[in-house]
Structure formats: C-alpha cells, structure tokens
Amino acid sequence: SSIVAELRNQCNIDVSKLQADHVCYRTDSLEQYTSLVEALQCPDDDNFTLLVESEIGGRPIATFKLAEPIEIQSADSSYHHSINVVEIPSPKEGSPYEAGLEHVEFVIGGSTDCKSPINDDTHHEVLTSWMERYPEVSWNTKALRKQCNPDISTKLQIRDYGKVSIKFHLMPLEEVIEFEVGGS
C-alpha cells in the first residue's frame with residue numbers, strides 16, 4: 001500500500017497536493033553505504049548526480065539527484081508525485097538498523113512562505129500550524145529546533161516497508177543543499 005494512502009488512512013493527512021521532496025534510503029553498514037555511493041557515481045552512468053556528500057550527525061550522508069524521477073501515482077489517479085532526490089545516510093556508529101526506506105519528506109510551505117532554510121519565525125509558525133491541523137497525530141518535534149531546514153515528523157507502519165518516518169519541512173532538500181553549498 002502506498003505511503004500517501006497510509007498517511008490518509010492512519011493520520012487523516014492528505015498530501016496529494018504537496019511536493020514529495022525526497023526519499024531517504026538507509027544502509028546497514030559503512031561498507032554498504034560506501035559501495036552504494038560509489039556505484040551511483042559510476043562515470044559511465046549519468047542517471048545519478050551527487051548533489052552533496054557531507055558529515056551530518058557524526059556520519060556521512062550522500063544526496064543524489066535522479067535523472068529519471070521515481071513516479072508514484074494512485075490507482076484512481078487522485079494523486080501523482082515525482083521524486084527526483086534520494087538521500088543515503090551511513091548508519092551512526094552504535095546505532096544498527098536494517099537497510100531500506102527510512103523516510104519520505106514533503107514540502108508544506110509555498111515558495112512565498114519561505115525564502116531561506118535557516119530556522120526563523122516562518123518555519124516555526126508554518127510547522128506549528130501544520131501540527132495543529134492534525135492534533136491526533138503523534139508528532140516528533142525534535143528537529144523543529146534545527147538551525148537549518150527544521151522539520152516535524154511522525155512514524156507509520158507501512159506494509160512492505162516496516163516503520164517509516166514521514167517528515168514535513170518548508171523547502172525542498174535540493175534548494176537547502178544549494179543554499180548550504182553556495183555559502184549563503
């Protein structure tokens with residue numbers, strides 16, 4: 001079953017009109033991470049472009065842009081999402097987990113709401129307002145205090161994927177990376 005349908009069924013959240021920004025695929029070891037990142041950077045393959053690889057939270061994370069986006073469409077055509085960014089984190093030392101889908105992130109602010117990924121009143125107001133729209137959801141607000149690209153999240157049990165985090169933030173990850181790499 002789809003994440004979009006499960007969000008509607010389990011949380012009564014309709015994300016059909018939101019931008020599905022990116023997916024995060026976890027690796028279960030540094031070796032798997034290194035092998036996957038190297039394979040995606042194959043010089044003979046232009047299907048993946050490395051946007052950035054950096055140390056975040058004590059471990060490397062690589063983010064790739066896909067030449068061909070992942071297309072997600074409901075059987076009844078009530079929604080369609082194209083996801084063209086994939087985030088791949090290495091596991092944190094001492095925090096083992098299985099490889100697989102870790103999270104999906106949706107953009108909830110329109111371009112007029114947010115001009116910068118730096119946490120400010122706009123981020124706080126929009127994310128808080130989103131949580132207030134869905135008071136029955138168990139929200140994780142730990143990342144609401146991040147200096148750059150704050151987000152809120154919830155977890156869903158999804159058949160075929162297990163427990164998956166669903167995150168909401170104001171700017172697409174690719175724009176956040178452009179901001180950070182550009183040194184703005």
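Note that the structure is a prediction, hence the values are computed from the model and not measured.

Trainee: Break down the packing of aromatic side chains for me, with residues and values.
Mentor: Inspection of the entire model under this criterion finds four aromatic pairs. With centroids separated by 5.1 Å and ring planes inclined at 55°, the aromatic side chains of Trp130 and Tyr134 adopt a geometry described as tilted. A residue is classified by how much of its surface remains accessible, and Trp130, at 6% relative accessible area, is buried. Given the relative accessible area of 7%, Tyr134 is considered buried. Taking the centre distance of 5.3 Å and the plane angle of 40° together, the rings of Trp130 and Phe168 count as tilted. Within this pair, whereas Trp130 is found in helix H3 (residues 121-133), its partner Phe168 is found in strand S7 (residues 162-169), the two being separated by 38 residues in sequence. Within the aromatic cluster, the residues linked to one another by ring pairs are Phe106, Trp130, Tyr134, Trp139 and Phe168. Seen from the ring of Tyr97, Arg26 lies directly overhead, with NZ or CZ sitting 3.6 Å from the centre.

Trainee: Lay out the sheet that holds strand S1 (residues 19-26) with the relevant residues and their values.
Mentor: Here seven strands make up an open sheet; going across it, the order is S2-S3-S4-S1-S5-S7-S6 and the pairing mixed. Two strands bound the open sheet, and with one partner strand each, they are strand S2 (48-56) and strand S6 (152-158). For this sheet the average axis-to-axis angle between neighbouring strands, irrespective of direction, equals 25°. Relative to strand S4 (residues 80-89), S1 runs parallel, the two being bridged by two bridges. Paired with Cys24 across the strands is Glu87, a residue of S4.

Trainee: Account for the pattern of salt bridges, naming residues and giving values.
Mentor: Tallying each qualifying case throughout the model produces four salt bridges. Its salt-bridge partner being Glu102, residue Arg26 comes within 3.5 Å of it at the nearest N-O pair. Here the residue Arg26 occupies a position in strand S1, and Glu102 occupies one in strand S5 (residues 100-107), the gap between them amounting to 76 residues. By relative accessible area, Arg26 is classed as partly exposed at 23%. Here Glu102 falls in the buried class, since its relative accessible area comes to 12%. A salt bridge links Lys65 to Glu174, with the nearest nitrogen and oxygen atoms 3.1 Å apart. Here Lys65 is found in strand S3 (residues 59-73), whereas its partner Glu174 is found in helix H4 (residues 173-182), with 109 residues between them in sequence. For Glu174, a relative accessible area of 18% translates into the label buried.

Conventions adopted
Residues numbered from 1 in each chain as written. Predicted model: local features only at pLDDT ≥ 70, side-chain atom pairs only at ≥ 80, totals over all residues. Heavy atoms only, no water. Phe/Tyr/Trp six-rings, centres within 6.5 Å; stacked < 30°, edge-to-face > 60°. Buried < 20%, exposed > 50% of the residue type's maximum accessible area, 1.4 Å probe, protein only. Helix = DSSP H or I, 4+ residues; strand = E, 2+ residues; numbered from the N terminus. Lys NZ or Arg CZ within 6 Å of the ring centre and 35° of its normal. Pairing = 2+ DSSP bridges. Axes fitted to C-alpha atoms, helices over the stretch in contact; angles between N-to-C directions. Salt bridge = Lys/Arg side-chain N within 4 Å of Asp/Glu carboxyl O.

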